[in-house]
Structures are given as structure tokens and as C-alpha cells.
Amino acid sequence: MSVKPRAAVLTMGCKVNQFESAAMAESLRAAGYEVAGGPSGADLLVLNTCTVTQKADQEALSLLRRLRRAAPGARLVVTGCLAEADPELLAAAGLADLVLGQADKDRLVSRLAAWLDGAERPAAAPPALEVTAPLSERTRAFYKIQDGCSAGCAYCAVPRARGPSRSLEPDRVLAGLRSYLGRGVAEVVLCGIHLGRWGWDLTPSLKLAELLHIMDGELELEAAACRLRLSSLEPLEVDDELLAAFEMYDWLAPHFHLPLQSGSDRVLELMGRPYRRADFRRLAENINRVWPLAALGTDVMAGFPGETEADFQATLELLADLPFSYYHIFPYSPRPGTPAAARPGQVPEHLKRRRAEALKKADQAARMNFARRNWGTAQTGLVENRPHQASGRLKVLTGNSLSALLPPGLKIAPGRLIQVTLASPANPWGLLEASEHQIN
Ligand code: SF4
């Protein structure tokens, strides 16, 4: 192959996908491709898909259609969870020029080289864990340290798309983090598909809390002015040792994302989720007692097969009782090949929609209450790369995941961690104001 096409990598879905897209873009750049920030002008488009819901599948197909229309001459390469779990759907839609499985993300350059030279269709191969921390001009990076899932939630197609749980060894995690620190990244989000099970598959097996202790011993996170945030953790995996690590280390952002899915024990049982309502309540209340201003986010599913109105009300009640700062809401959609897809008691679409709407209202109220609880508090904020579009003002992201606008005209280099005091929104965008600041 002589002249390399101008490429762009587009991402759908979770933080793990965002990490993998950054890694793919980096590998293309290192191989001499010009990598554009968006699809405009690119003649090789790599779409990293998600398949968590039916809506995610439809959004992938509709994005592919739009890309095809906008750039009829561009080659479309599709990878990610949808490509792995349901390549037949992509083939039937006839929108992708090349479909690559998850494992091909790690060897994208050689797969593309073979395909562009000789139209080779790559064979499936077992998934691997990418070690390299992708270069990024961003001040914040997602770092995948675990992939796959060995749990069997009845609604979830992710284990099929990503294979069993596997962890990056501690020395490789440290190497990746050192590389981010060396490049001045101010926040690293440790992510995985089942992050709370990091280390269970290693020999000897380890726990996430132990990894945090290793990091503290080996890295100068505070001196480097870098904070770490943990992405989603399954409730039963947030044990006393992990909570103790949050108490010990100031470099850990006070942010807990714990997927609840349902507040009804009956539905949790049907879902194959291993905790119960009382477990979740105990954990959320413990966290709130120690960190009253920590971000406490969750995922909630509306309309799982068999969910009655009473089950749904039990969910709403639990949500209202606990100090959540936000919810992510997912109307249930059957994923091919999952146990729940074939079950009786599928909830009609209009009921799912109604329940999801009720959850959205509850989410807005939770976000507002959480912002109010933070008025007048001092927080550490990360100055973001891009200013707020409408006002041109710089923004900060606090450790407890709130966005706030810095005073107009203030000039601070992106990527700095600064002390701010949060104040009520006094702007047309409803964003918190970050007044007074002090550079660390
Ligand atoms: S824990 Fe359950 S919901 Fe999460 S990825 Fe694994 S199977 Fe899916």
C-alpha cells in the first residue's frame, strides 16, 4: 500500500470503547495515517460500536447510513461490541465494507494493511487486552485495565461480545499510568467492563483495593497533580477495603457509580443480579455517611420482563430515599441470545416508555438536589480543554463530577487542578458557577 487514506475513528458507547478508540487512533497515527478528529474529509472511517441496547444497535446502523450518504467514497470499517456480537445484522444492512471483531482492535493497522492491499477478510481471533496507554491531547484520559465479564446478567449481551473477565497485570497498569503522568494528564479514569473484578483472574489473584495501594506506593500521584476516578463498580464489589482506600487516598475522586438496575428484589432475582435492595441501601448510606458530597450515580432499567407496576414503584421509592446525584436510564430491550430475551412477561413498549419518563424526571430532581447540596462548598476542579461553547468561559470538572463555569476572562491552562468554591447557577445555561480559585 503506498498512500495511506485519511482516517477517522468514531466511537459509540462506554468509556472502555472510548479508551479503545483513542488507542486505535494512536496506532493509526503511529503507522503514518493522517487521523482526522471527525468524519469530514476522511476516506477511511472506523466506527467502534456498542450493543448494550437495541437502541445502540439502531443508532450504529443509522450513523453508518448517514456516513455512507455524507461520504459515498469513504470506506467504512465497523468494529466493537455490535460487530462482535451480531455481525449478521451488519452484513444484512450491507453498510460496512469491513467488519472487525474486538480482538482486531489491537491489530487494526495490520488488518487494515492486509485488507487495503488485498481485500483480505480477517479471521476471528481470541480477544486480547491492549496495554498501551493511548496518547491524547486531552487533560483527561480513560484507561482500560480490565475487559470482558464472567457474570451472567439475564439481559446482557456484553459477555458474548467481549468474552470472559481478564485483567491487566499491576506492572502493566503502572506502566500505562506512568505514561499518562509523563504527558501531564490531570485525570485518569480507570475503566473496565467489570472493573470491580479487576485482578480476580491473575495469579496470584488480587483485588482492586490492592491495586490502589500498589499505585499509591509506586506513583507520585499527588505530586504529579493527577487524580484517578473509578468507573462503574458492581455494588457487592465495593467492600470495606475499597472504601478504606477512598478514605486513605486524596488522589481518588469521590465518585461512586454503582448500577442498581432495579429496586425490587423480585426483579433483581429475575435479572440474575447478586445483591438485594437492602445491600444496596446499606452501601449507599455508608458512602453518604463518610462522603456526604460524593457523586453517587447509578444505572436503572425500566421494563425488564416480569417487572410489575409494584416492582417499578419499589425502584422509584428506593431511588427517592437514597442520596443519588444522577441516574442513567435504560428502557429494557431484548438482546439476541440472552436468557431474558426469550422470557414471558415482556413489558409493552408504552409502559417501558412511561416508566423511563418517570425515571428521567426523578433523575432531573436528583441532579438538581445534588448541585444544591454543593452550593458554597470548596472542591478541586480540573480545568477542561474546551471552553463552554455558548459563553466562551472555561469550565471545571470537580472530583464529584459536577461541571462549573469559571469567571469570565479568567485564563488558566487546561489540565490544571484548582480549588474552587461552587455557587448557584447565575447563568442562562443552568451551570454551576465556580468562584474564587487557587491554583494547586
Ligand atoms: S456484570 Fe452483568 S450487566 Fe455488567 S457486563 Fe457483566 S453481565 Fe453485563
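Residues numbered from 1 in each chain as written. Predicted model: local features only at pLDDT ≥ 70, side-chain atom pairs only at ≥ 80, totals over all residues. Heavy atoms only, no water.

Engineer: Would you take a moment to explain the sheet that holds strand β12 (residues 295–302) for this structure?
Structural biologist: The strands making up a sheet are joined through hydrogen bonds of the backbone, oriented either antiparallel or parallel. Strand order in the open sheet formed by three strands is β11-β12-β13, and the pairing between neighbours is parallel. Only two strands of the sheet have a single partner each, and these edge strands are β11 (255–257) and β13 (326–331). Across the sheet, the axes of successive neighbouring strands diverge by a mean angle of 15 degrees, strand direction being ignored. As paired elements, β12 and β13 share six bridges and run parallel to each other. For D299, the partnering residue across the bridge sits in β13 and is H328. (Pairing = 2+ DSSP bridges. Helix = DSSP H or I, 4+ residues; strand = E, 2+ residues; numbered from the N terminus. Axes fitted to C-alpha atoms, helices over the stretch in contact; angles between N-to-C directions.)

Engineer: Can you help me understand the packing of helix α7 (residues 170–182) against helix α8 (residues 208–218) in this one?
Structural biologist: Between two packed helices, the angle of one axis relative to the other and the distance separating the axes together describe the packing. Where α7 contacts α8, the two axes come as close as 11 Å, and the packing angle between them is 50 degrees. With respect to α8, the element α7 is oriented oblique. In the crossing of α7 with α8, the sense of the turn from one axis to the other is right-handed. Touching P170, V173, L174, L177 and R178 of α7 are L211, I214, M215 and E218, all from α8. (Parallel < 35°, antiparallel > 145°, perpendicular 65-115°, else oblique. Left-handed = near helix turned anticlockwise from the far one by under 90°. Contact = heavy atoms within 4.5 Å.)

Engineer: Explain the site of the ligand here, please?
Structural biologist: In the vicinity of the ligand, the contacting residues are C149, A151, C153, Y155, C156, V158, P159, I193, H194, E234 and R273. Classifying every residue of the shell around the ligand by side-chain character gives eight nonpolar, one polar and two charged. (Near = heavy atom within 4 Å. Nonpolar A, V, L, I, M, F, W, Y, C, P; charged D, E, K, R; others polar.)

Engineer: Which parts of the structure should I look at to understand helix α2 (residues 54–70)?
Structural biologist: With 17 residues, α2 extends 24 Å between its outermost C-alpha atoms, agreeing within 8% with the 24 Å of an ideal straight helix rising 1.5 Å per residue. Of the residues making up α2, those classed as buried are A56, D57, A60, L61, L63, L64 and L67. One side of α2 carries all its buried residues, which in axial view fall inside an arc of 160 degrees. Opposite the packed face of α2, turned more than 90 degrees from it, sit the exposed residues K55, R69 and A70. Residues of α2 that are buried sit in contact with β1 (7–11), β3 (44–49), β4 (75–80), α3 (81–85) and α4 (87–93). (Expected span 1.5 Å × (residues − 1). Buried < 20%, exposed > 50% of the residue type's maximum accessible area, 1.4 Å probe, protein only. Arc of directions from axis to C-beta.)

Engineer: I tried to follow the packing of aromatic side chains on my own but got confused; where do I start?
Structural biologist: All chains considered together, the criterion is met by eleven aromatic pairs. When the ring of Y143 is compared with that of Y180, the centres are 5.3 Å apart and the planes differ by 75 degrees; the resulting orientation is edge-to-face. In this pair, Y143 is assigned in strand β6 (residues 140–144) and Y180 in helix α7, connecting sequence segments 37 residues apart. We note K4 situated over the ring of Y33; from NZ or CZ to the ring centre the distance is 5.8 Å. (Phe/Tyr/Trp six-rings, centres within 6.5 Å; stacked < 30°, edge-to-face > 60°. Lys NZ or Arg CZ within 6 Å of the ring centre and 35° of its normal.)

Engineer: Looking at this model, I keep getting lost on the sheet that holds strand β10 (residues 227–230). Mind explaining?
Structural biologist: Taken together, the three strands give an open sheet; going across it, the order is β6-β9-β10, and neighbouring strands pair in parallel fashion. Two strands bound the open sheet, and with one partner strand each, they are β6 and β10. Sheet twist, expressed as the average angle between the axes of neighbouring strands with direction ignored, equals 25 degrees. The sheet contact formed by strand β9 (residues 187–191) and β10 spans four bridges and is parallel. Following the sheet pairing, L190 is matched in β10 by L230.

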